[in-house]
Amino acid sequence: MKTLQGLLDGRELKAILFDLDGTLIDSVPDLAAALDASLEQLYYTPAGLARTRSWVGNGARKLVQRALANALEIPENSVSPSLIDQLLAVFFDHYGEHSCEQTVLYDGVYNALSNWHQQGVRMACVTNKPARFSDPILTHFDLQQFMPVLVGGDTLAVRKPDPAPLLLACEQLGVDVANTVMVGDSVNDVRAARAAGMPVACVSYGYNHGAPVADANPDLLVDNFFDLVRS
């Protein structure tokens, strides 16, 4: 089996960039609860846990757009921007108050990050979740000690699959792209890494809009996060 180091063709592994939702944490229970509370507040049909799980990964705005399309039974691209703005504001209020109640770390995450930290590998979180929600979650699980750099979905004008967030993380870590690996759970992570010119490993248990992430052809695919250390 390949290793993260092996993905670099002999170059030293100096940094790892991590997606957050579906990679380090299972946040869907809190996201679904906040989304349903927001929908019901505005008299829409709630989405439920299963649908929410298949919608996450493209940022909060896309999440509420999909929820509205489902509630109104119309195509996503037909949802009014003003309706999206309205639901998004309510959703942010609910999620901001309840972002760490049911969210959990995936098995092996803390020990793996600790292992790389002890080896001197630099790490950053690169997520499409807004930084104002991501930072409290990292703090709640005491992950900021391992990942001092956070690039959120609102840090730049673009998000993954654009490579810019990954390149910014490398710049802030002070490492070269050539010595960096991306770890995520979705096609957005794969596309962003490819565009940035770095290899990408994926976990199979994440969200990826309900489709197998294997279809995106990551350079390495594991079923358990700690396999990234063991492999």
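The written sequence of each chain sets the order in which its residues are numbered from 1. Note on the predicted model: pLDDT of at least 70 is required for a residue's local features to be given, and 80 or more for side-chain atom pairs to be given and counted; whole-chain, interface and lining totals, by contrast, use all residues. Excluded from the side-chain calculation are hydrogens and water; included are all heavy atoms of the structure.

Undergrad: Hey, could you go over empty space enclosed by the protein for me, with residue numbers and the actual values?
TA: Grid spacing is 1 Å over the protein atoms alone, the probe is 1.4 Å, and a cavity is where that probe fits but cannot get out, while a pocket is an open set with protein on both sides within 12 Å along at least five of seven lines and lining residues have an atom within 4 Å of a point. Grid points are joined across faces, edges and corners, and a volume is the space filled by probe spheres set on the points. Under the definition given, this model contains one cavity of 30 Å³ or more. By volume, the largest cavity is sized at about 250 Å³. Lining the largest cavity we find 22 residues, and of these D21, G57, G59, N128 and K129 sit closest to its centre. The element contributing the most residues to the lining of the largest cavity is helix α4 (residues 81–97), with three residues. Under the scheme applied, nonpolar residues are Ala, Val, Leu, Ile, Met, Phe, Trp, Tyr, Cys and Pro; charged residues are Asp, Glu, Lys and Arg; polar residues are all the others, including Gly. Looking at the lining of the largest cavity residue by residue, the classes come out as nine nonpolar, seven polar and six charged. A run of H or I in DSSP counts as a helix once it spans at least four residues, and a run of E counts as a strand once it spans at least two, with each numbered from the N terminus.

Undergrad: Can you break down the nonpolar core residue by residue, with the values?
TA: Think of a nonpolar core as a cluster: buried Ala, Val, Leu, Ile, Met, Phe, Trp, Tyr and Cys residues, connected wherever their side-chain atoms sit within 4.5 Å. A simple rule labels every residue: compare its accessible area, found with a 1.4 Å probe on the protein chains alone, to the largest value its type can have, and call it buried under 20%, exposed over 50%, or partly exposed in between. Core analysis: the largest hydrophobic core is formed by 57 residues, its most contacted members being L4, F18, F91, L113, W116, M147 and F225. In terms of residue count, α4 provides more of this core than any other element does, seven residues in total. Here F225 is in contact with F18, T23, L24, D107, G108, V109, A112, L113, W116, V183, V203 and Y205, once residues within four sequence places are set aside. Ranked by size, the runner-up nonpolar core spans 24 residues in total, among them C170, V175, M182 and C202. Two residues qualify as a contact provided that any one of their heavy atoms is within 4.5 Å of a heavy atom in the partner residue.

Undergrad: Give me the packing of helix α1 (residues 28–41) against α4: which residues, what numbers.
TA: Axis definition: a line fitted to C-alpha atoms, over the contacting stretch in the case of helices. Angles run 0 to 180 degrees between N-to-C directions. Axis separation between α1 and α4 bottoms out at 8 Å; the angle between their running directions is 130°. Compared by their axis directions, α1 and α4 come out oblique. By crossing handedness, the relation of α1 to α4 is classed as right-handed. Contacts from D30, L31, A34, L35, A37, S38, L39 and Q41 of α1 reach α4 at L87, V90, F91, H94 and Y95. Here roughly perpendicular refers to angles of 65 to 115 degrees, roughly parallel to angles under 35, roughly antiparallel to angles over 145, and oblique to all remaining angles. Crossing chirality is assigned from the near helix's rotation relative to the far helix, an anticlockwise turn below a right angle marking it left-handed and a clockwise turn marking it right-handed.

Undergrad: If you had to explain unusual backbone geometry to someone new, which residues and values would you point to?
TA: At the junction of K160 and P161, the peptide bond is cis and its omega measures out at 20° in the coordinates. Within the secondary structure layout, P161 lies in the loop between β5 (149–151) and α7 (164–173). Its identity as a non-glycine residue notwithstanding, E73 has a phi of 60°, on the positive side.

Undergrad: Residue-level account of helix α5 (residues 109–118), with values.
TA: Turning to α5, its buried residues are V109, A112, L113, S114 and W116. As for α5, its buried residues are in contact with β1 (15–18), β3 (104–105), β4 (122–126) and α9 (227–230). Directly after α5, the chain includes G120, whose backbone phi takes a positive value near 85°.

Undergrad: Help me get a handle on the pattern of salt bridges, residues and values and all.
TA: By definition, a salt bridge exists where a carboxyl oxygen of Asp or Glu is found within 4 Å of a side-chain nitrogen of Lys or Arg. Per the stated rule, a full pass over the model turns up eight salt bridges. The shortest N-O distance in the salt bridge between K160 and D19 comes to 2.9 Å. In this pair, K160 is assigned in the loop between β5 and α7 and D19 in the loop between β1 and β2 (25–26), connecting sequence segments 141 residues apart. Taking the relative accessible area as the measure of exposure, K160 reaches 5% and is therefore buried. For D19, a relative accessible area of 6% translates into the label buried. Overlapping salt bridges, with partners in common, bring together D19, K160 and D189 in one network.

Undergrad: Let's hear about the packing of aromatic side chains: which residues, and what values?
TA: To describe a pair of aromatic rings, one takes the distance between the centres and the angle between the planes. Stacked, tilted and edge-to-face pairs are distinguished by plane angle, under 30 degrees for stacked and over 60 for edge-to-face with tilted covering the rest, among Phe, Tyr and Trp rings (Trp via its six-membered ring) whose centres lie within 6.5 Å. Taken as a whole, this structure holds nine aromatic pairs when the rule is applied. Judged by centre distance (5.8 Å) and plane angle (5°), the rings of F91 and Y95 are stacked. Taken as a pair, F91 and Y95 lie in helix α4 at a separation of four residues, close to a single helical turn. What makes F91 buried here is its relative accessible area of 2%.

Undergrad: Tell me about the packing of α4 against helix α6 (residues 131–140), and name the residues and values.
TA: In the contact formed by α4 and α6, the axes pass within 11 Å of each other and the chain directions differ by 10°. Taken together, the axes of α4 and α6 are roughly parallel relative to one another. Taken together, the residues of α6 that come into contact with α4 (itself represented by F92, Y95 and G96) are R132, F133 and I137. The residue inventory of the contact of α4 with α6, partitioned by class, reads four nonpolar, one polar and one charged.

Undergrad: Give a description of the sheet that holds strand β6 (residues 180–184) that names residues and reports values.
TA: The six strands lie next to each other as β5-β4-β1-β6-β7-β8, forming an open sheet whose pairing is parallel. This sheet does not close on itself; its edge strands, each paired only once, are β5 and β8 (220–222). Between one strand axis and the next, the sheet turns by 20° as a mean value, whatever way the strands run. Two elements, β1 and β4, share four bridges in a ladder whose sense is parallel. When the sheet's bridge partners are listed, A15 is paired in β4 with R122. Here, a strand pair is defined by DSSP locating no fewer than two bridges between the strands.

As far as function goes, none of this settles anything; it's purely spatial.
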